[in-house]
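This is what each chain is made of:
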Amino acid sequence: MDDPRIPVPQPGQGFPVPETVTSIIDGQPVPARGKRIPVFYPATGRPVSTLIEADAAEVDAAVASARRAFQSSGWAQLSTEKRQQQLLAIHDTILAHADELAFLECLNLGVVMRELRERQIRRAAYNFRFFAEFIGQAKGDVYDQMAGYRSIVVREPVGVAALIAPWNAPTALASMKVAAAIAFGNTCVLKPSEQTPLAIHRFVALLHEAGLPPGVVNLVNGHGGITGEALVAHRDVDLISFTGGTETGRHIMASAGRRLKPCTMELGGKSANIIFASADIERALDAALVGIYSNNGQQCLAGSRILVERRIADDFIGRFAERARRIRIGDPMDDATELGPLASAAHRKRVLDFAETARTEGGRLIAGGAPARMTGDLAEGFFVEPTAVVAQSSRSRVCQDEIFGPFATFLTFDSYEQAIEIANDTTFGLVSYVWSDHLPTVERAGRDLRSGVVWVNTPMVRELRAPFGGYKDSGVGREGGEACQHFYTEVKTITVPTGPVAVRRLGLG
Ligand code: NDP
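The notes below deal with the structure included here. Bear in mind that the values here come from a model prediction, so they are computed numbers and not experimental data.

On to the overall build of the protein chain. Along the protein chain, the regular secondary structure elements total 15 helices and 21 strands. By the compact-globule yardstick of 23 Å for 509 residues, the protein chain fits well, its C-alpha radius of gyration being 24 Å. The principal-axis extents of the C-alpha atoms in the protein chain amount to approximately 90 × 60 × 40 Å. Across the 509 residues of the protein chain, 56% fall into the buried class. Working note: accessible area of the protein chain is about 21200 Å², and carbon and sulfur atoms make up 51% of it. Of the side chains in the protein chain, 54 bear a positive and 57 a negative charge, and the two mean positions are spaced by 5 Å.

What follows concerns helix H9 (residues 281-293). Relative to the 18 Å expected for 13 residues at 1.5 Å per residue, H9 spans 18 Å between its end C-alpha atoms, a close match to the ideal helical length. Within H9, the full set of buried residues consists of Ala284, Leu285, Ala287, Ala288, Leu289, Gly291, Ile292 and Tyr293. The inward-facing, buried residues of H9 contact strand E13 (272-275), strand E14 (305-309), helix H10 (310-325), strand E16 (387-390), strand E17 (407-413) and strand E18 (431-435). Directly beyond the C-terminal end of H9, a positive phi value near 55° is found at Asn295.

One recurring pattern in soluble globular proteins: nonpolar side chains tend to sit buried together. Counting 74 residues, the largest nonpolar core has Phe128, Phe131, Val178, Ile182, Val217 and Tyr488 as its most contacted members. By residue number, the principal contributor to this core is helix H4 (residues 113-137), which donates ten residues. Mapping this core onto the domain boundaries places at least three of its residues in each of domain 1 (20-267 + 470-493) and domain 2 (272-456). Not counting the four nearest positions on each side in its chain, Val178 is found in contact with Phe128, Leu163, Leu190, Phe203, Leu207 and Val217.

With that out of the way, let us pick up the side chain of His208. For His208, the location among the structural elements is in helix H6 (residues 198-209). A residue is classified by how much of its surface remains accessible, and His208, at 17% relative accessible area, is buried. Setting aside anything within four residues of it in sequence, one finds His208 in contact with Ile24, Gly27, Pro213, Pro214, Gly215 and Val217.

Right, let's talk about the site of the ligand for a bit. As a structural note, the neighbourhood of the ligand is formed by 31 residues, with Glu194, Thr248, Leu267, Cys300 and Glu402 the closest of them. A distance of 2.2 Å separates an oxygen atom of the ligand from a polar side-chain atom of Glu194. Separating an oxygen atom of the ligand from a side-chain N or O atom of Glu266 is a distance of 3.5 Å. Within the complex, 87% of the 890 Å² of free accessible area of the ligand lies under protein. Elements that contribute at least two residues to the shell around the ligand include exactly helix H7 (224-232), strand E11 (239-243) and helix H8 (246-258). Looking at the shell around the ligand residue by residue, the classes come out as 13 nonpolar, 13 polar and five charged. Taken domain by domain, the shell around the ligand gets at least three of its residues from each of domain 1 (20-267 + 470-493) and domain 2 (272-456).

Here we take up the pairing of E13. Where burial is concerned, the two faces of E13 agree: the one with Ala272 and Ile274 and the one with Asn273 and Ile275 are both buried. Taken together, the four bridges between E13 and E14 define a ladder with parallel strand orientation. From the neighbouring strand, Ile275 faces E14, where its bridge partner is Val308. Handedness of the crossover joining E13 and E14 through H9: right-handed. Across four bridges, E13 lies against E18 in parallel orientation. In the sheet register, Ile274 faces E18, and the bridge partner there is Val434.

Further remarks concern unusual backbone geometry. Its identity as a non-glycine residue notwithstanding, Asp26 has a phi of 60°, on the positive side. With respect to the helices, strands and loops of the structure, Asp26 is situated in the loop between strand E2 (24-25) and strand E3 (28-29). Positive phi is not limited to glycine here, since Asn295 has a value of about 55°. Examined against the element boundaries, Asn295 turns out to sit in the loop between H9 and E14.

With 17 residues, helix H1 (residues 56-72) ought to run about 24 Å at 1.5 Å a step, and its terminal C-alpha atoms sit 24 Å apart, in line with that. Of all the positions in H1, only Glu58, Val59, Ala62, Val63, Ser65, Ala66, Arg67, Ala69 and Phe70 are classed as buried. Residues of H1 that are buried make contact with E2, strand E7 (149-157), strand E8 (160-164), strand E9 (187-191), strand E10 (217-219) and H7. Following H1 by one or two positions, Gly74 adopts a phi angle in the positive range, close to 90°.

With that out of the way, let us pick up the sheet that holds strand E5 (residues 46-52). Spatially, E1-E5-E4 is the arrangement adopted by the three strands of the open sheet, whose pairing is mixed. Each of the sheet's edge strands pairs with one partner strand only, and the pair in question is strand E1 (20-21) and strand E4 (36-41). Where E4 meets E5, six bridges bridge the pair, whose relative direction is antiparallel. Looking at E5, one finds that Pro38 is bridged to Thr50.

According to the stated counting rule, one finds 30 salt bridges in the structure shown. The residue Arg117 makes a salt bridge to Glu118 at a minimum N-O spacing of 3.9 Å. According to the relative accessible area criterion, Glu118 is partly exposed, its value standing at 46%. One salt-bridge network, in which partners are shared between bridges, spans Arg33, Asp55 and Glu58.

A full pass over the atoms with the stated rule returns 14 aromatic pairs. Residues Phe276 and Phe413 carry aromatic rings whose centres are separated by 5.3 Å and whose planes lie at 70° to one another, so their mutual orientation is edge-to-face. Here Phe276, found in the loop between E13 and H9, pairs with Phe413, found in strand E17; they are 137 residues apart in sequence, far enough to count as distant. With a relative accessible area of 4%, Phe276 lands in the buried category. Residue Phe413 is classed as buried on the basis of its relative accessible area of 0%. Ring centres of Tyr433 and Trp455 lie 5.5 Å apart, and the angle between their planes is 40°; on these two criteria the pair is classed as tilted.

The rules behind each value
Residues numbered from 1 in each chain as written. Predicted model: local features only at pLDDT ≥ 70, side-chain atom pairs only at ≥ 80, totals over all residues. Heavy atoms only, no water. Helix = DSSP H or I, 4+ residues; strand = E, 2+ residues; numbered from the N terminus. Rg over C-alpha atoms; globule rule 2.2 N^0.38 Å. Buried < 20%, exposed > 50% of the residue type's maximum accessible area, 1.4 Å probe, protein only. Areas by Shrake-Rupley, 256 points an atom, 1.4 Å probe, with all protein chains shown as cover. Lys, Arg positive; Asp, Glu negative; His and termini not counted. Charge placed at Lys NZ, Arg CZ, Asp CG, Glu CD. Expected span 1.5 Å × (residues − 1). Contact = heavy atoms within 4.5 Å. Core = buried A, V, L, I, M, F, W, Y, C linked by side-chain atoms within 4.5 Å. Domains from an automatic or database assignment. Near = heavy atom within 4 Å. Polar contact = N/O pair within 3.5 Å; in protein donor to acceptor, adjacent residues only side chain to side chain. Nonpolar A, V, L, I, M, F, W, Y, C, P; charged D, E, K, R; others polar. Pairing = 2+ DSSP bridges. Right-handed = clockwise from strand over helix to strand, strands pointing away. Salt bridge = Lys/Arg side-chain N within 4 Å of Asp/Glu carboxyl O. Phe/Tyr/Trp six-rings, centres within 6.5 Å; stacked < 30°, edge-to-face > 60°.

Encoded structure:
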């Protein structure tokens, strides 16, 4: 890598970084002609590439390409076996380029590269294998209860999908949408966040290197308000899958509703992590730290509201704060780093403003709450100290707003009922975590928590076969094997008599 703008190169990471990132339409990068937007390395705050924003005309070309591919590339009609082969070829190609993708992702996101390489990029590859295996087992339905008739139910691809992904886990989240859309025979246009285009651009190129026909997956880049708006408002888009913030989701769904386009919405979270005194406390402590500080705290699944039973609270919270203060902050390309920078300067300011909010609300700051002071190349990076606050009330803003950074809030409870009441005291409902070795407590909590997923005695673990998505303001619809099949296919009933039918005869005089 000889680009002088990238200041902290590591041995063995000599991957090319594109000077400009453009759309990919019909399998080809388009000429750079739109507005130029700098892409930053969050660890240094310096630009590393330039994004070329797709305007409405370019989005139109991408949708037209997807439509042509849907109608005439043969992708929608491909046999299951051939489609599986293609998906598995993509899986292998992504794995073969895992180091490169992790490097590019790290370069515009700042999440620790080890985590990207070992988890998120592997997961991106696995998404394609998962759907290859799923479509090999998917089945239709037959109804033969009505005498003399058999009705079969088949599923067909819907058409052109608009896929919109956020910046916090760009390739892992976008690849889930792409894999699901194309596995069921659709074509698509993907729009990632304008902050994090680097790995996704390479990922879309790799899909074509793996043999995907041009036009099946198109990429457009740019701001949500320009490129995203043009995509979701496009008349020839048949369905929309969105992952991002709740307010953006509301806006997109309103626009889709006017045109009766089906949507799935994977939105924000403010998830409770409930620690009962009956828990394996050491494990719960490790998991509470991972739950809020991994991925630099920027995850929808973060266990950001930690509720601790009062009789263990002082000890638990004290030890949490001590460990939080010892987390190794640093260069995200260094495997020893535990916490990298936040994704942008604006996001860092937003997170730090919440430390101020906590103080004014009477919260007790027990760790962090300030920019992390770094030296050398990293001095201008967007680093924040791992932060933890003991809040005064569940109603305080730091317990209600999604902060989306390395920022834990603590509340205490005296009874099971109070724990559940606090956990459900939120407009969100994405996931919940419960820690207890007391079986009846775990069983009750699984029933009483109002969230799409409940994880018991474990940090987040995603079972792709099972539905994933949120209650309340955390979303509409689900992702997962069957859930994606339902979303990405139209269902058709074909009724055939099993013998000649007696038809009433009209017009015989
Ligand atoms: P945003 O809602 O700001 O953006 C998400 C995506 O939508 C981006 O690509 C953005 O583009 C685009 N976008 C913004 N406005 C529009 C618009 N009017 N029309 C079409 N597209 C638009 O979210 P963030 O990127 O800030 O992501 C963080 C959020 O995502 C958090 O709330 C988090 O909880 C949620 N999330 C949810 C997950 C889940 O599975 N439930 C998983 C991961 C994150 P651009 O950035 O270029 O403006």
